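# Per-entry structural report
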Amino acid sequence: MRELKTPIQIGENFSESAAMATALAAGAADYVMPDLERIGGVTGWQRASALAATHRIAMSSHLYPEVSVHLLSATPTCHFLEYVDWADKIVEEPLAIDDGFAVVPQRPGNGLTWNASAVAKYRIE
């Protein structure tokens, strides 16, 4: 990897923080971007965040921006939020973007409020 000039970012397929620890120990990337579900939810994210901080490597998110925005705001080496608007049609208040930056909602919990009628519209039974 040292011969490359293009920065490498990996991590969307890390299965829990142990996989990330192995990659960091090997110097496999310039940046990491764990996936909230695959890294082990909020607890797994906290473990990954601590690893990134220890290795002084910038950490981004992979998907789930409505929740990842909260987690990145508590990540010491916060880099980028991967933003997709896929949930906008089924939440009451979509994630706000202001001048290219996500606005961390101040609502309780993960900040999500489902739009019941939209959820019902898209429900498959």
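Attention in this report is confined to the structure presented alongside it. Note that the structure is predicted; figures quoted are calculated from it, not measured. (Residues numbered from 1 in each chain as written. Predicted model: local features only at pLDDT ≥ 70, side-chain atom pairs only at ≥ 80, totals over all residues. Heavy atoms only, no water.)

### Notes on the overall build of the protein chain
Regarding its fold elements, the protein chain presents five helices and five strands. When its helices and strands are written in sequence order, the protein chain yields β-α-β-α-α-β-α-β-β-α. C-alpha extents for the protein chain along the principal axes are approximately 50 × 35 × 25 Å. For the protein chain, buried positions account for 34% of its 125 residues. (Helix = DSSP H or I, 4+ residues; strand = E, 2+ residues; numbered from the N terminus. Buried < 20%, exposed > 50% of the residue type's maximum accessible area, 1.4 Å probe, protein only.)

### Considerations on the sheet that holds strand 2 (residues 31-32)
Taken together, three strands build an open sheet; the order of strands is 1-2-3 and the sheet is parallel. In this open sheet, the two strands that pair with only one neighbour each are strand 1 (9-10) and strand 3 (58-59). Bridge count between strand 1 and strand 2: two bridges; the pairing is parallel. Within strand 2, the residue paired with I10 across the bridge is V32. (Pairing = 2+ DSSP bridges.)

### Observations regarding the environment of I57
Structurally, I57 can be placed in the loop between helix 3 (41-55) and strand 3. Sequence separation of I57 and H79 is 22 residues, and the distance between their C-alpha atoms is 9.2 Å. Beyond its immediate stretch of four places on either side in the chain, I57 contacts L24, A29, D30, Y31, V32, A52 and T77. (Contact = heavy atoms within 4.5 Å.)

### Focus: empty space enclosed by the protein
In this structure the tally under the stated criterion is one cavity of 30 Å³ or more. Within this model, the largest cavity holds a volume of roughly 40 Å³. Contributing to the lining of the largest cavity are E66, E93, P94, L95, P105, R107, G111 and L112. For the lining of the largest cavity, the per-class residue count stands at four nonpolar, one polar and three charged. (1 Å grid on protein atoms, 1.4 Å probe; cavity = no way out; pocket = protein on both sides within 12 Å on 5 of 7 lines; lining within 4 Å. Points joined across faces, edges and corners; volume = space filled by probe spheres on them. Nonpolar A, V, L, I, M, F, W, Y, C, P; charged D, E, K, R; others polar.)

### Notes on unusual backbone geometry
Of note, the phi angle at R56 is positive, near 50°, even though the residue is not glycine. If you trace the backbone, R56 turns up in the loop between helix 3 and strand 3. For Y64, which is not a glycine, the phi torsion comes out positive at approximately 50°. When you line up the elements, Y64 lands in the loop between strand 3 and helix 4 (65-73). Assessed through its relative accessible area of 38%, Y64 is described here as partly exposed.

### Some details on helix 3
Because an α-helix completes one turn every 3.6 residues, residues spaced three or four positions apart along the sequence face the same direction. The first and last C-alpha atoms of helix 3 sit 21 Å apart over 15 residues, in line with the 21 Å expected at 1.5 Å per residue. Taken together, the buried positions of helix 3 are occupied by G44, W45, A48, S49 and A52. Taken end-on, helix 3 shows its buried residues confined to a sector of 140°, consistent with a single buried face. Of the exposed residues in helix 3, the ones pointing more than 90 degrees away from its buried face are Q46, R47 and T54. (Expected span 1.5 Å × (residues − 1). Arc of directions from axis to C-beta.)

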